[in-house]
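The chain contents come next:
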Amino acid sequence: MRHVGNASSIHSAGRKARAIVEDSRKALAALCHTDSKNVIFTSGATEANNAVLRHFSDVSVIASGIEHPSVLEAAPNAARIPVLPNGVIDLEGLERLVHAKSPALVSAMMVNNETGVIQPVEDIARIVKKAGAKFHCDAVQAAGRIPLDFHAAGCDYMTLSAHKMGGPMGVGALLVAKGAPPVKLIYGGGQERRQRAGTENVAGIAGMGAAAKNADIDRYQKLALLRDRLETEISGITVFGQDAPRVANTTCFALCGVAADTQLMALDLAGIAVSSGSACSSGSVKASHVLEAMGVDSDLAGCALRISLGWTNTAADIETFIKTYNKLKETWQR
Ligand code: PLP
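Residues numbered from 1 in each chain as written. Predicted model: local features only at pLDDT ≥ 70, side-chain atom pairs only at ≥ 80, totals over all residues. Heavy atoms only, no water.

*Asks:* I'd love a proper account of the nonpolar core, names of residues and values included.
*Replies:* Among the nonpolar cores identified, the biggest contains 65 residues, and L28, M110, F135, L148, L160, M208 and F240 are the most heavily contacted of them. For this core, the element with the most residues is helix α1 (residues 12-31), which contributes 6 residues. In contact with F240, not counting residues within four places along its chain, are T115, R246, C252, F253, A254, L291, M294, V296, L300 and A304. Within the second largest apolar cluster, 25 residues are counted, among which are A248, F253, Y325 and L328. (Core = buried A, V, L, I, M, F, W, Y, C linked by side-chain atoms within 4.5 Å. Buried < 20%, exposed > 50% of the residue type's maximum accessible area, 1.4 Å probe, protein only. Helix = DSSP H or I, 4+ residues; strand = E, 2+ residues; numbered from the N terminus. Contact = heavy atoms within 4.5 Å.)

*Asks:* Go over the packing of helix α8 (residues 223-232) against helix α12 (residues 315-332) with me, naming the residues and quoting the values.
*Replies:* Taken N-terminus to C-terminus, the directions of α8 and α12 make an angle of 15°; their axes are 10 Å apart at the nearest point. The pairing of α8 with α12 is recorded here as roughly parallel in orientation. α12 is crossed by α8, and the crossing has right-handed handedness. Here L226, R229 and L230 of α8 come into contact with α12, specifically with A315, I318, E319, F321 and I322. (Axes fitted to C-alpha atoms, helices over the stretch in contact; angles between N-to-C directions. Parallel < 35°, antiparallel > 145°, perpendicular 65-115°, else oblique. Left-handed = near helix turned anticlockwise from the far one by under 90°.)

*Asks:* Give a detailed account of the site of the ligand, specifying residues and quantitative values.
*Replies:* If you check the shell around the ligand, you find 14 residues, and the closest are T46, D138, Q141, S161 and H163. Here an oxygen atom of the ligand and a side-chain polar atom of T46 are 2.6 Å apart. Alone, the ligand offers 390 Å² of accessible surface; in the complex the protein occludes 84% of this. Judged by the proximity of its atoms to the pocket grid, the ligand belongs to the largest pocket. With 3 residues, helix α2 (residues 45-55) is the largest single contributor of residues to the shell around the ligand. Each residue belonging to the shell around the ligand can be placed in one class, and the counts come to 3 nonpolar, 9 polar and 2 charged. (Near = heavy atom within 4 Å. Polar contact = N/O pair within 3.5 Å; in protein donor to acceptor, adjacent residues only side chain to side chain. Areas by Shrake-Rupley, 256 points an atom, 1.4 Å probe, with all protein chains shown as cover. 1 Å grid on protein atoms, 1.4 Å probe; cavity = no way out; pocket = protein on both sides within 12 Å on 5 of 7 lines; lining within 4 Å. Sits in = over half its atoms within 2 Å of the grid points. Nonpolar A, V, L, I, M, F, W, Y, C, P; charged D, E, K, R; others polar.)

*Asks:* Lay out the packing of helix α4 (residues 91-101) against helix α5 (residues 121-130) with the relevant residues and their values.
*Replies:* Look at α4 against α5: their axes get within 10 Å of each other, and the N-to-C directions meet at 15°. Taken as axis vectors, α4 and α5 run roughly parallel relative to one another. For the element pair α4 and α5, the recorded crossing hand is right-handed. Of the residues in α5, those in contact with L91, L94, E95 and V98 of α4 are D123, I124, I127 and K130. Partitioned by chemical class, the residues of the contact of α4 with α5 number 5 nonpolar, no polar and 3 charged.

*Asks:* I'd like a rundown of empty space enclosed by the protein, residues and numbers included.
*Replies:* Taken as a whole, this structure holds 2 cavities of 30 Å³ or more when the rule is applied. Roughly 70 Å³ of volume is contained in the largest cavity. Lining the largest cavity are I40, T42, E47, A48, A51, L174, V183, L185, I186, Q195 and R196. When residues of the lining of the largest cavity are traced back to their parent elements, those giving at least two are β1 (39-42) and α2. Here the residues of the lining of the largest cavity are counted per class, giving 7 nonpolar, 2 polar and 2 charged. Size it by volume and the second largest cavity reaches roughly 40 Å³. Of the residues belonging to the lining of the second largest cavity, the class tally is 5 nonpolar, 1 polar and 4 charged. (Points joined across faces, edges and corners; volume = space filled by probe spheres on them.)

*Asks:* Which residues make up the sheet that holds strand β7 (residues 172-176), and what values do they have?
*Replies:* With respect to topology, 7 strands assemble into an open sheet ordered β1-β7-β6-β5-β4-β2-β3, the strand pairing being mixed. Two strands lie at the open edges of the sheet, namely β1 and β3 (79-81), each paired on one side alone. Sheet twist, expressed as the average angle between the axes of neighbouring strands with direction ignored, equals 20°. Alignment of strand β2 (residues 61-64) against β3, held across 3 bridges, turns out to be parallel. (Pairing = 2+ DSSP bridges.)

*Asks:* Could you give an account of the packing of aromatic side chains, naming the residues involved and the relevant values?
*Replies:* What the rule picks out here adds up to 5 aromatic pairs. Seen in terms of ring centroids, F253 and Y325 are 5.6 Å apart; in terms of plane orientation they differ by 90°. Their pairing is edge-to-face. Of this pair, F253 sits in strand β9 (residues 250-254) while Y325 sits in helix α12, and the two are 72 residues apart along the sequence. Across the pair, Y325 and F253 agree in class, each one buried. (Phe/Tyr/Trp six-rings, centres within 6.5 Å; stacked < 30°, edge-to-face > 60°.)

Here it is, written out as structure tokens:
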């Protein structure tokens, strides 16, 4: 934030800013095992997802039913790939759909943001390529948590967000493979190789680069022990996606008969920040479309919490959570 130069200016202040942007681009490319030429910075994952999905909106698009709203709302006519009850995308369902629709684009995420379930992206890519379609993968919840390889995953486009990997909010990136059609959402100046107009958010991009350099998958894997303890020491809950491969920091569970909002507010008063599995829009609480796609009963889905651990969480934090939750549970179930 100390550097006031515009990264597109050729004076020395501008060149300093440009060096910061390019250094971050290299760091992000290294994290995803790709060339920095393939990285386009955006205002976040929402913009990156919109750029891809809007580009293909006039042709047939297929997206999984558990995608983030920035995919599903940007492609309202997309046919939905079914999902198995454990939260994993149904590969046979995908194969059937690809055969029936001959899509130009398939969008499927790498890790679900509500359940933490890791998707079989390489298998998905194989089916998509065989059908001659392009493959977009929202890898927002995977970056920094599991190994990420843009090319080995078979992607044509990949979306990333800084704030899900320890960077600042309001910055993200779209990776575009060589040969994939350019997907332009924002028109104006010639920034980002003419693929994303607008003066670069140098401070945000610097933060995303720092997050990429500091990404530590082992540090994340250690959270699985804490997450598993949390799930086993709270009795009577239904954990979603528990038998599927999951990222280490996420758990989504429901306590039958106790509305998610009631749980969320009581935990907040106790100093614990969690999310509900349902999304609140225009004042009305809707059951999570992810749990719905997994076939979870809507009453149970309305009682679902989403808990994300961060790498600074300790065993003592988990102990506090378990004690607090178990005490609250007694009052809710009295
Ligand atoms: N995709 C996924 C899977 C997410 O979890 C999120 C944010 O929660 C987004 C996209 C949107 O990211 P951003 O906040 O950078 O727009």
